[in-house]
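Commentary on secondary and tertiary structure
Listed below are the residues making up each chain.
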There are 4 protein chains.
Amino acid sequence: VIDFRSDNTHGASPEILEALTRAAAGTMTSYGGDEITARVRERCRELFEHDVEVFPVLTGTAGNALALASMTPPWGTVLCHEDAHIQRDELGAPEFYTHGAKLLTIAGEDGKLRAEDLPRDASCISVTQATEAGTVYTPDELRAIAALGLPMHMDGARFANALVGLECSAADLTWRAGVDVLVFGGTKNGAMAAELIVVFRKELADAIAPRWHRGGHRLSKMRFLSAQFEAYLTDDLWLRNARRANAVAQRLARGLDVIRPVQANVVFVRFEPRVSSALRAEGFAFHEWPIFGPDAVRLVCAFGTSDADADALLAAVKRLT
Amino acid sequence: VIDFRSDNTHGASPEILEALTRAAAGTMTSYGGDEITARVRERCRELFEHDVEVFPVLTGTAGNALALASMTPPWGTVLCHEDAHIQRDELGAPEFYTHGAKLLTIAGEDGKLRAEDLPRDASCISVTQATEAGTVYTPDELRAIAALGLPMHMDGARFANALVGLECSAADLTWRAGVDVLVFGGTKNGAMAAELIVVFRKELADAIAPRWHRGGHRLSKMRFLSAQFEAYLTDDLWLRNARRANAVAQRLARGLDVIRPVQANVVFVRFEPRVSSALRAEGFAFHEWPIFGPDAVRLVCAFGTSDADADALLAAVKRLT
Amino acid sequence: VIDFRSDNTHGASPEILEALTRAAAGTMTSYGGDEITARVRERCRELFEHDVEVFPVLTGTAGNALALASMTPPWGTVLCHEDAHIQRDELGAPEFYTHGAKLLTIAGEDGKLRAEDLPRDASCISVTQATEAGTVYTPDELRAIAALGLPMHMDGARFANALVGLECSAADLTWRAGVDVLVFGGTKNGAMAAELIVVFRKELADAIAPRWHRGGHRLSKMRFLSAQFEAYLTDDLWLRNARRANAVAQRLARGLDVIRPVQANVVFVRFEPRVSSALRAEGFAFHEWPIFGPDAVRLVCAFGTSDADADALLAAVKRLT
Amino acid sequence: VIDFRSDNTHGASPEILEALTRAAAGTMTSYGGDEITARVRERCRELFEHDVEVFPVLTGTAGNALALASMTPPWGTVLCHEDAHIQRDELGAPEFYTHGAKLLTIAGEDGKLRAEDLPRDASCISVTQATEAGTVYTPDELRAIAALGLPMHMDGARFANALVGLECSAADLTWRAGVDVLVFGGTKNGAMAAELIVVFRKELADAIAPRWHRGGHRLSKMRFLSAQFEAYLTDDLWLRNARRANAVAQRLARGLDVIRPVQANVVFVRFEPRVSSALRAEGFAFHEWPIFGPDAVRLVCAFGTSDADADALLAAVKRLT
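Residues numbered from 1 in each chain as written. Chains lettered and ligands numbered in written order. Predicted model: local features only at pLDDT ≥ 70, side-chain atom pairs only at ≥ 80, totals over all residues. Heavy atoms only, no water.

Across the ten residues that make up helix 3 (residues 60–69) of chain B, a large majority, nine, are buried. Three or more residues of helix 3 of chain B are buried, namely Thr-61, Ala-62, Gly-63, Asn-64, Ala-65, Leu-66, Ala-67, Leu-68 and Ala-69 of chain B. (Buried < 20%, exposed > 50% of the residue type's maximum accessible area, 1.4 Å probe, protein only. Helix = DSSP H or I, 4+ residues; strand = E, 2+ residues; numbered from the N terminus.)

In this section: the nonpolar core. A general tendency of soluble globular proteins is for nonpolar side chains to be buried together. Within the largest apolar cluster, 176 residues are counted, with the highest numbers of intra-cluster contacts made by Phe-48 and Phe-184 of chain C together with Phe-48 and Phe-184 of chain D. At seven residues, helix 9 (residues 223–233) of chain C tops the list of elements feeding residues into this core. Discounting chain neighbours no more than four positions away, the residues touching Phe-48 of chain C are Phe-159, Ala-170, Ala-171, Thr-174, Trp-175, Leu-182, Phe-184, Val-198 and Phe-200 of chain C. The next biggest cluster of nonpolar side chains, apart from the first, holds 157 residues, and it includes Val-78 and Leu-148 of chain A together with Trp-212 and Phe-229 of chain B. (Core = buried A, V, L, I, M, F, W, Y, C linked by side-chain atoms within 4.5 Å. Contact = heavy atoms within 4.5 Å.)

Turning to the relation of the copies chain C and chain D, a few remarks are in order. Once turned by 180° and shifted 0.0 Å along the axis, chain C lies on chain D with an RMSD of 0.0 Å. Here the transformation between the copies is reduced to the relation of a two-fold axis. Within chain C, Gly-215 of chain C has its C-alpha nearest the rotation axis, a separation of 3.5 Å. Counting the interface residues of chain C, we find that 100% of their copies in chain D are interface residues as well, pointing to one common contact surface. (Least-squares fit on C-alpha atoms with pLDDT ≥ 70 in both.)

The next thing to look at is the packing of aromatic side chains. Residue and element names in this part refer to chain A. If you walk through the whole model with that rule in mind, you get 62 aromatic pairs over all chains. Here Phe-48 and Phe-159 contribute two aromatic rings whose centre-to-centre distance is 6.5 Å and whose plane-to-plane angle is 35°, an arrangement assigned as tilted. Taken together, the positions of Phe-48 in helix 2 (residues 35–48) and Phe-159 in helix 7 (residues 159–166) put the pair 111 residues apart, joining distant regions of the chain. Residue Phe-48 is classed as buried on the basis of its relative accessible area, which comes to 0%. Note on Phe-159: relative accessible area 0%, which makes it buried. Following the ring pairs from residue to residue traces out a cluster consisting of Phe-48, Phe-159, Phe-184, Phe-200, Phe-229, Tyr-232 and Trp-238. The ring of Phe-292 has Arg-260 lying over it, and the distance from NZ or CZ to the ring centre is 4.0 Å. (Phe/Tyr/Trp six-rings, centres within 6.5 Å; stacked < 30°, edge-to-face > 60°. Lys NZ or Arg CZ within 6 Å of the ring centre and 35° of its normal.)

The next thing to look at is the relation of the copies chain B and chain D. Between the two copies, chain B and chain D, the superposition gives an RMSD of 0.0 Å; the rotation angle is 180° and the shift along the axis is 0.1 Å. Take the interface residues of chain B: 100% of them recur as interface residues in chain D, which is what a same-surface contact looks like.

Another point: the interface of chain C and chain D. In this assembly, 50 residues from chain C lie in contact with 50 residues from chain D. On the chain C side of the contact with chain D, Phe-96, Arg-214 and Lys-221 of chain C bury the most area, a combined 20% of that side's loss. Linking chain C to chain D there are zero salt bridges. It is helix 5 (residues 93–97) of chain C that provides the largest number of residues to the side of chain C that touches chain D, a total of four residues. Looking at the side of chain C that touches chain D residue by residue, the classes come out as 19 nonpolar, 21 polar and ten charged. (Buried area = accessible area lost by both parts, 1.4 Å probe. Salt bridge = Lys/Arg side-chain N within 4 Å of Asp/Glu carboxyl O. Nonpolar A, V, L, I, M, F, W, Y, C, P; charged D, E, K, R; others polar.)

This brings us to the pattern of salt bridges. What the rule picks out here adds up to 91 salt bridges over all chains. Between Glu-46 of chain C and Arg-43 of chain C there is a salt bridge, and its shortest N-O distance comes to 3.8 Å. You can see Glu-46 of chain C and its partner Arg-43 of chain C sitting in helix 2 (residues 35–48), three residues apart, about one turn around the helix. Relative accessible area serves as the criterion here: at 27%, Arg-43 of chain C is assigned to the partly exposed category. A salt bridge links Asp-83 of chain D to Arg-88 of chain D, with the nearest nitrogen and oxygen atoms 3.3 Å apart. Shared partners join several salt bridges into a network, and the residues in it are Arg-41, Glu-42, Arg-45, Asp-51, Glu-53 and Lys-202 of chain A.

The subject of this paragraph is the side chain of Arg-214 of chain D. Its place among the elements puts Arg-214 of chain D in helix 8 (residues 202–214). Of the side chains with opposite charge, Glu-95 of chain C lies nearest to the buried Arg-214 of chain D, which makes no salt bridge, at 5.4 Å. Within the structure, the side chain of Arg-214 of chain D is placed 3.0 Å from the backbone oxygen of Leu-91 of chain C, a separation counted as a polar contact. (Lys, Arg positive; Asp, Glu negative; His and termini not counted. Polar contact = N/O pair within 3.5 Å; in protein donor to acceptor, adjacent residues only side chain to side chain.)

Residues and elements named next belong to chain A. As summarised here, the arrangement of the three strands in space is 9-12-11, forming an open sheet in which the pairing is antiparallel. Looking along the sheet, the strands with just one partner apiece sit at the ends: strand 9 (266–270) and strand 11 (287–288). Across five bridges, strand 9 lies against strand 12 (residues 296–300) in antiparallel orientation. Note that in strand 12 the partner of Val-267 across the bridge is Leu-299. (Pairing = 2+ DSSP bridges.)

Contact residues are listed per partner, giving ten residues for chain B and ten residues for chain D. Counting the surface lost from both chain B and chain D, the interface buries some 870 Å², and carbon and sulfur atoms represent 49% of this. Scanning the region where chain B abuts chain D turns up two salt bridges. Between Glu-95 of chain B and Lys-102 of chain D there is a salt bridge whose closest N-O contact spans 2.6 Å. Inspection of the region where chain B meets chain D yields four residue pairs in polar contact (both at pLDDT 80 or more).

Considering the arrangement of structural elements, one finds Ala-101 of chain A in the loop between helix 5 (93–97) and strand 4 (102–106). For Ala-101 of chain A, a relative accessible area of 1% corresponds to the buried category. Contacts of Ala-101 of chain A, omitting those with residues within four sequence positions, involve Thr-72, Pro-73, Pro-74, Gly-76 and Glu-95 of chain A together with Glu-95 of chain C.

Residue and element names in this part refer to chain B. It is the contact of helix 1 (residues 14–23) with helix 9 (residues 223–232), at a shortest axis distance of 8 Å, that shows an interaxial angle of 135°. Classified by the interaxial angle, the pair formed by helix 1 and helix 9 is oblique. As helix 1 packs across helix 9, the resulting crossing turns out to be right-handed. In this structure, helix 1 uses Glu-15, Ile-16, Ala-19, Leu-20 and Ala-23 to contact helix 9, whose residues at the interface are Arg-223, Phe-224, Ala-227, Gln-228, Ala-231 and Tyr-232. Of the residues belonging to the contact of helix 1 with helix 9, the class tally is eight nonpolar, one polar and two charged. (Axes fitted to C-alpha atoms, helices over the stretch in contact; angles between N-to-C directions. Parallel < 35°, antiparallel > 145°, perpendicular 65-115°, else oblique. Left-handed = near helix turned anticlockwise from the far one by under 90°.)

Below, the structure written as structure tokens:
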């Protein structure tokens, strides 16, 4: 099988696994009091050039929901794009963790919210970076949204992919552009299961900490979660993995009629049903994406997708059409 | 440091780490549709001699809360021991996942509920195996509680330690004794972070599945959680680890004046403050346990605790008293 | 002041107040075990020609939220019109009582959902009768929506106004058209504060009863709530009040350029700001209604609005334009 | 029937009903913007000699739960007596409104908490005045509890009965003794259905207001709720009603062997089953109270209970024993 279904059908980078093995030695304080977690916090402070607080979690769903619960009261409203993962794919996780806040969904081209379309009487705004349409927000676009004056959450499941496309710093793409809490994704980009809630405003951290614990997301052997993030941020593993994935996506984009701009590692095209079937029969795996119209298909390139995988697909498509 | 603080200050068994490395190869269906997860389900059906459903989770807190949420409505009542982890240590996780059910705490010697002390008008009962006092319920004791006719949840964070002490089968200690949902612990006994909700009544599984997802506990790369459990159950790793821990606990018990029966891997003693301080100064680590009275101290033996560790402690105590 | 702000700025019908005074005599079983509540249940069974269960509540917000909580799990979705009261005006009451279900809002002309616009993978549907745009659903329109096969809730804050406009029976407009739970409004139409959750499917009643109690909506002196409903349904008070209100609305409609069809007791028009100001200066009270566009204004006629009130407004508007 | 079952089996004082009839005239701003509600706020500021904020609600359950939700986070703990109404009779209303806070119940003679029995690491304390055992807290006893430094909620369902027994001022019995929020009961003492959340610390009011609305407790025709409270506080109706009820209770206490001190309007005795049956056969109604031991019975005197009612019971008991 050549698998373009999702970044999370891929395994994990060897560096991540080696880090886990190293982390297994000896005893350490549990629940996050260990030295690896402390080093990750320090490393993030350097990377983001800001006195951040961090909460390691296992899933993006947990990270997003915990972040949002710090930014809206139960009777508040969260603005998000109508295709946002928090709206479509999390079975009400934000509503659960916020105790019933409302997601107010907004339409927007290429998966992006635009400042001018947003009401001002909400509790907070959630953006996805890179978006569910495979596009990215520039720092200027984020700043325009932040200028509304509402707290901003960034679902950064593909933050690395967005960053390497934009060639800006982690600080430029977050707090300097008005982001208050980032859910910094590791899982989709080479980690085993590791996301980091990065909090740029200290008072929000106080609202996350108890929810993190009672939500069952505070690992007793936290070292194993933190170790993944330490490896992820060492020797630019996160950037290298993302660059590779993005490059393969560009390779695909050059050979296909894309229906959304390709700015990260996800490519949207239309395949006639006949072509889709034939490709699947040849061993290619991918998901249909009906919200982008008839015959729309999503092709995700991950850190584990090779140029050869892309070329095989391109050749097959060429042959079939 | 010689560390008796908790089973979760220890790392992970090499078999677990090797399994993770093996599991990292290739792409697999995400969110639990992979073959490793399927094998774990099968393996559990053999082990428990029952057509169980399983939900892998990362923490015992999540496992317990999700299990309880399938067994009580929001206006219901959960009976548990006054020292239960779900009451004392989870910051309201059961209340969060059940949307506000009440824990009704009951006193009971040696950390155990007794059937005759329990009201009958509750929604369900929660027992801990081994208990927070380091004791175990026999199948007969469980059956007596189950005879009340209420659904029963077992917090099995130390299930393996209880089982090897009792020398009975996994089925005898669960559904045959009236348990409806077991949270089968791996983390404290050699896994990295892996607990398994084992459901013996199918209709409860339907109530767990959506909560598992919206609670943010359904890993996208589920294979990495399931692989831990597969290794845990292979070649009796779980039993070997538990036997080792229990044996060290017995070694300690033979040399100390214990204040609770030692039936698993946890030992409670009293150390005069002078002795505690001296031991700490020599590099021994352990927690005070004030709910068991003045000077009470908890000593936890884990899969990684050696006979030499125990002997060093015994010698130091002897010297100091 | 001549007050067109809302039906709830008006007081209560004398018959309602007399019924309260009668109900005050003697002692009665509390919490709904009294004979007046029993008579209301019987009266509703006759009126709706169905073996209904009823729950008296004090506010429509409570009634709607309790009804919806019986029709969707916490992870479910409720379909409603984008202008629905449950979405715009209840500060998240449905989300609170359902423990976090999602309202999925649908656009639709004249405040109405149309069957063909509705997704089928939701938990339930909520319609408002009469709608927030002052229009009414016919039994046929409701049946078309019910044909989707989802449970249906009717927010009947102005149920009486809808019914007298349609000249059909209470049964035709509810369960025969596919409605499973009606929140039968009394407050806006002459009661002091009285709404009745009318349940047409018994199993939903079991899900409402405990939420009704723990939400704090089960009055100890229930007789005072039930007595209002008994008077409301006696000698057609509810129909007489609604007919009067609707007739005044038609009187207004004949003299103004309405921007929505007038099918109940609410009239929407546009008044230039100059006209609005002048009318207010002359003592007319009404609310702007910006979601219906610039200069839109809502005029509500209630049981207490007289023909003279309408004529005074019409004369003033004529003079000013 | 001569009814000693509860204060809420009685109707309402004529002054309350007259006030409702007066309040029905004309139109008023809805949702609490009316002048009657404003006058009640002012009247409470005089009565409590403090700049209070007030929220009228229909039930004590709602009042208590809303008050507690302003005083504890979802992961917090509320200390209360093991017999407290919030623990035993509200089907989890506090857990629902607080989103899952824990009630930690404490034993205590005569239904009262004592300062020395209370842990200090809770979120807030709830006391009932008069208690469920028919006793009252003195201002000194309250002050001792308040000295722990935790916010204090007072369930004042029978506040009037407590106050007239103690002969102190409303201020002395609330904020001067450390109470932060009082749920000031009207229903049990002559109102139809009216409780007032009286908030002595402004910041708590901000946390109550949105919950009050989304809980469905903010009446549109608020005037009808406020009018009851206005009448209740006019010409000392509340004190006159409570004095009458307490006096009848004392009359009973003088003729019976009470098993709890009678300090308000509730009397506890033991009646042999034979006596209970005979009394019921003669038309006396009362509830058994098994948590106070075998044959325990509760006799509640209300504003509507006469000396003749008490004398009839005393004569019957005398005759039967």
